[in-house]
Amino acid sequence: QVQLVESGGGLVQAGGSLRLSCAVSGLTFVTYAVGWFRRAPGKDREIVGGIQWSSGSTYYADSVKGRSTITRDNAKNTVFLQMNSLKAEDTAVYYCAVRRGSVITRVLLYDYWGQGTQVTVSS
């Protein structure tokens, strides 16, 4: 059974930083990617970025590029999203998700999802 568990969300002031974690278990895929997504109030879920597990190559949406870093810890099967210089518009529920193959931006093509963690940025 595949499980993804996010943690690390919370309330932070604008300009601050947060590191989100996504612990992945139960995967049998040989090649897979982990994506980070967010859903802001009243908006559709959108991709923030992602990482190809085997190669470590990363993708970032323009909205977070230069402010965010995605890394992985192979030993712990955990992916991290480090976000800096947070803005009020970063307020959202953040999710991690897994798909076979490479990182893509299409939300519906991810197979497994975590429950999400709330990030609130106060201005």
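Every chain's residues receive numbers from 1 upward, in the order its sequence appears when written. Local features in this predicted model are restricted to residues whose pLDDT is 70 or higher, and side-chain atom pairs enter the listing and the counts only when it is 80 or higher, whereas totals over whole chains, interfaces and linings include all residues. To obtain the side-chain values, all non-hydrogen atoms of the structure were used and water was disregarded.

Enquirer: So what exactly am I meant to see when it comes to the environment of Gln13 here?
Expert: Note that Gln13 resides in strand β2 (residues 10-13). The exposed category is assigned to Gln13, whose relative accessible area is 59%. C-alpha of Gln13 to C-alpha of Phe37: the two residues are 24 residues apart in sequence and 21 Å apart in space. Look past the residues within four positions of Gln13 in its chain and what remains in contact with it is Val121 and Ser122. Helix and strand labels come from DSSP, where a helix needs a run of H or I of at least four residues and a strand needs a run of E of at least two; each type is numbered from the N terminus. Whether a residue is buried, partly exposed or exposed follows from its accessible area with a 1.4 Å probe, protein chains only, as a fraction of its type maximum: under 20%, in between, or over 50%, in that order. Contacts: residue pairs with any heavy atoms within 4.5 Å of one another.

Enquirer: Sorry if this is basic, but what is going on with the sheet that holds strand β3 (residues 18-25) here?
Expert: Strand order across the open sheet formed by four strands is β1-β3-β8-β7, with antiparallel pairing between neighbours. Lying at the two open borders of the sheet, with one neighbouring strand each, are β1 (3-7) and β7 (68-73). Averaged over all adjacent pairs, the angle separating strand axes in this sheet is 15 degrees, with direction ignored. Here, any two strands with at least 2 DSSP bridges between them count as paired. Judged from the six bridges that link them, β3 and strand β8 (residues 78-83) form a sheet pairing that is antiparallel. Bridge pairing in β8 links Ser21 to Phe80. Interaxial angle, 0 to 180 degrees, is taken between N-to-C directions of lines fitted to C-alpha atoms, where a helix line uses only the stretch in contact.

Enquirer: Quick question: what am I supposed to make of the state of the cysteines here?
Expert: Chemically, a disulfide is nothing more than a covalent bond linking the sulfur atoms of two cysteines. In this description, the term disulfide denotes a pair of cysteine sulfurs within 2.5 Å. Enumeration over the complete set of coordinates arrives at one disulfide. The disulfide that involves Cys22 links it to Cys96, with 2.1 Å between the sulfurs. Here the S-S torsion is close to 75 degrees, and the disulfide linking Cys22 with Cys96 is therefore right-handed. Placement of the pair is Cys22 in strand β3 and Cys96 in strand β9 (residues 92-100), with a sequence separation of 74 residues. This pair shows no difference in class: Cys22 is buried, exactly as Cys96 is.

Enquirer: Honestly, the nonpolar core in this entry has me stumped. Any pointers?
Expert: Grouped together as the largest cluster of nonpolar side chains are 28 residues, with contacts concentrated most on Cys22, Val34, Trp36, Val79, Leu81 and Tyr94. Sorting the residues of this core by element identifies β3, β4 (32-39), β5 (46-52), β8, β9 and β11 (117-122) as the ones contributing at least two each. When residues no more than four places from it in sequence are discounted, the contact partners of Leu81 are Leu18, Arg19, Leu20, Trp36, Val48, Ser68, Thr69, Ile70 and Tyr94. In this structure, Ala33, Ala97, Val103 and Tyr110 belong to the second largest nonpolar core, which totals six residues. For this analysis, a nonpolar core means a set of buried residues of the types Ala, Val, Leu, Ile, Met, Phe, Trp, Tyr and Cys, connected via side-chain atoms within 4.5 Å.

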